[in-house]
Amino acid sequence: MTGVASLAPWLGGALLVSGVAVGVSRRRDLIVRWCAWAVGVPVVTAAFWWGRLGVALLAGVVAVIAVLEFGALTRLPRAERAVLATAVPGLIVAAAWAPDQVWRVGAVGALALAAVPLVTGDAEHGLRRLGTSLLGLVWLGTLAALAPLGTVALALFAAVSVADVVAFFAGQRLGGPRLSQLSPAKRWSGTLCGAAAGLGVLTLLSAWSWPAALAVAVGGPAGDLVESLVKRGAGTKDSGQWLADGSGGLLDRIDSLVGALVMLVVVG
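In this text, all values refer to a predicted model and were calculated from it rather than measured experimentally. (Residues numbered from 1 in each chain as written. Predicted model: local features only at pLDDT ≥ 70, side-chain atom pairs only at ≥ 80, totals over all residues. Heavy atoms only, no water.)

A. Structural detail: a nonpolar patch on the surface. On the surface, W50, L53, L57, V93 and W97 cluster together to form a nonpolar patch covering roughly 550 Å² of accessible area. When contributions to the nonpolar patch are tallied by element, the ones reaching two or more residues are α3 (52-74) and α4 (78-97). As for its placement among the helices and strands, L53 is situated in helix α3. In this structure L53 comes out as partly exposed when scored by relative accessible area, which is 41%. (Patch = residues over 30% accessible without salt bridge, like charges linked within 9 Å, V, L, I, M, F, W, Y side chains within 5 Å. Areas by Shrake-Rupley, 256 points an atom, 1.4 Å probe, with all protein chains shown as cover. Salt bridge = Lys/Arg side-chain N within 4 Å of Asp/Glu carboxyl O. Helix = DSSP H or I, 4+ residues; strand = E, 2+ residues; numbered from the N terminus. Buried < 20%, exposed > 50% of the residue type's maximum accessible area, 1.4 Å probe, protein only.)

B. Representation of helix α9 (residues 188-204) within the structure. The terminal C-alpha atoms of α9 lie 24 Å apart, and with 17 residues this matches the ideal 24 Å at 1.5 Å per residue to within 8%. Inspection of α9 places S189, G190, T191, G194, A195, G198, V201 and L202 among the buried residues, and these make up the whole buried set. In this fold, the buried residues of α9 make contact with α8 (151-174) and α10 (210-234). Looking one or two residues beyond α9, the residue adopting positive phi is S206, at roughly 60°. (Expected span 1.5 Å × (residues − 1). Contact = heavy atoms within 4.5 Å.)

C. Focus on the packing of aromatic side chains. What the rule picks out here adds up to three aromatic pairs. An angle of 70° between the planes, with centres 6.1 Å apart, marks the rings of F70 and W139 as edge-to-face. Residue F70 is located in helix α3, and its partner W139 is located in helix α6 (residues 126-141); the two are separated by 69 residues in the primary sequence. F70 sits in the buried class, given a relative accessible area of 0%. Of the residues examined, W139 reaches a relative accessible area of 6% and is grouped as buried. (Phe/Tyr/Trp six-rings, centres within 6.5 Å; stacked < 30°, edge-to-face > 60°.)

D. Structural view of the side chain of R129. Its place among the elements puts R129 in helix α6. Those residues within four positions of R129 in sequence are excluded, and the remaining contacts are L76, P77, E80, V116, P117, T120 and D122.

E. View of the nonpolar core. In this structure, F70, L84, L143, L154, L156 and L251 are the most contacted members of the largest nonpolar core, which totals 59 residues. Apart from the residues within four sequence positions on either side, L143 is in contact with A59, V62, A63, I92, V258 and L261. (Core = buried A, V, L, I, M, F, W, Y, C linked by side-chain atoms within 4.5 Å.)

F. Quick peek at unusual backbone geometry. Despite not being glycine, R75 has its phi angle at roughly 60°, a positive value. Within the element layout of this structure, R75 appears in the loop between α3 and α4. Phi at S206 takes a positive value of approximately 60°, unusual for a residue other than glycine. On the secondary structure map, S206 appears in the loop between α9 and α10.

G. Just empty space enclosed by the protein, in detail. Taken as a whole and assessed by the stated rule, the structure comprises one cavity of 30 Å³ or more. Roughly 60 Å³ of volume is contained in the largest cavity. In terms of lining, the largest cavity is formed by W37, F157, V160, S161, D164, R253, I254, S256 and L257. Put simply, the parts of the chain that give the lining of the largest cavity at least two residues each are α8 and α11 (250-267). Class assignment of the residues belonging to the lining of the largest cavity gives a composition of five nonpolar, two polar and two charged. (1 Å grid on protein atoms, 1.4 Å probe; cavity = no way out; pocket = protein on both sides within 12 Å on 5 of 7 lines; lining within 4 Å. Points joined across faces, edges and corners; volume = space filled by probe spheres on them. Nonpolar A, V, L, I, M, F, W, Y, C, P; charged D, E, K, R; others polar.)

H. Examining the packing of α3 against α11 more closely. Two elements in contact, α3 and α11, have axes whose closest approach is 10 Å; the angle formed by their N-to-C orientations is 110°. Comparing the axis directions of α3 and α11 gives the class roughly perpendicular. Of the residues in α11, those in contact with V62, I65, A66, E69, F70 and L73 of α3 are L250, L251 and I254. Looking at the contact of α3 with α11 residue by residue, the classes come out as eight nonpolar, no polar and one charged. (Axes fitted to C-alpha atoms, helices over the stretch in contact; angles between N-to-C directions. Parallel < 35°, antiparallel > 145°, perpendicular 65-115°, else oblique.)

I. Representation of the pattern of salt bridges. With the rule as written, the count across this model stands at five salt bridges. Each of the salt bridges in this network shares a partner with another, and the network as a whole consists of E80, D122 and R129.

J. Local environment of the packing of α8 against α11. Viewed as axis vectors pointing N to C, α8 and α11 meet at an angle of 130°, and their least axial separation amounts to 9 Å. One finds that α8 runs oblique with respect to α11. Considering the relative orientation of α8 and α11, their crossing is right-handed. Residues V152, L156, F157, V160 and D164 of α8 form the contact with α11, whose participating residues are S256, L257, A260, L261 and L264. Tallied by class, the residues present in the contact of α8 with α11 amount to eight nonpolar, one polar and one charged. (Left-handed = near helix turned anticlockwise from the far one by under 90°.)

Bear in mind that shape data such as this cannot, by itself, settle questions of function.
Here is the structure:
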């Protein structure tokens with residue numbers, strides 16, 4: 001596996017090539033999304049260059065924003081959002097500097113989330129609140145894997161990002177059966193083309209392994225569908241509105257990466 005210094009030129013080149021392609025398309029929505037990546041890719045690369053501390057700080061900021069978006073989507077009360085916004089960064093800190101304590105930190109977070117509806121005595125919605133908040137802890141808590149994985153996580157980020165872009169364009173061009181009713185715009189043709197492109201990126205970056213391949217080909221699309229499931233339940237199209245021109249929120253940008261991390265943690 002190459003280091004961050006070796007990966008940086010490839011990431012910059014991919015960003016440049018994708019920028020040219022997006023510019024040729026003249027689609028405003030794609031241009032806005034590319035601009036978000038033009039800011040995000042250097043920030044992510046710099047964090048990994050800084051080392052474990054940089055990755056942990058980046059993961060912590062991303063986790064808090066993602067938790068707030070998840071809480072708003074699922075209409076979690078402020079108490080659960082506050083506990084999640086503490087527990088998930090706690091998992092990130094533990095994974096980075098005290099990996100043997102990760103399960104203990106996760107258990108404390110889960111107990112704290114269970115205590116909230118119990119203390120408030122919410123008999124009507126308590127079970128839903130507990131299930132939703134535990135889903136957020138498990139799903140977004142996987143961001144804790146970023147720091148221990150190091151440059152493997154950076155390569156995974158690149159591969160999943162390329163897979164998403166290729167899947168979007170290929171699905172529109174090729175059509176065919178839908179991937180899932182949860183996300184009618186996604187097609188099997190696009191998903192397969194995206195997986196092939198993502199695996200190609202892993203090979204190019206010398207990051208190929210069967211766990212990484214499964215993470216990109218299966219975990220990435222699955223993560224996207226999990227967020228679609230959450231958004232369907234919330235009756236909304238995007239996780240947030242803070243990105244320009246309807247580009248959504250942070251969860252819309254990292255859902256595939258989170259799914260890939262879950263798969264890598266399970267099978268790696």
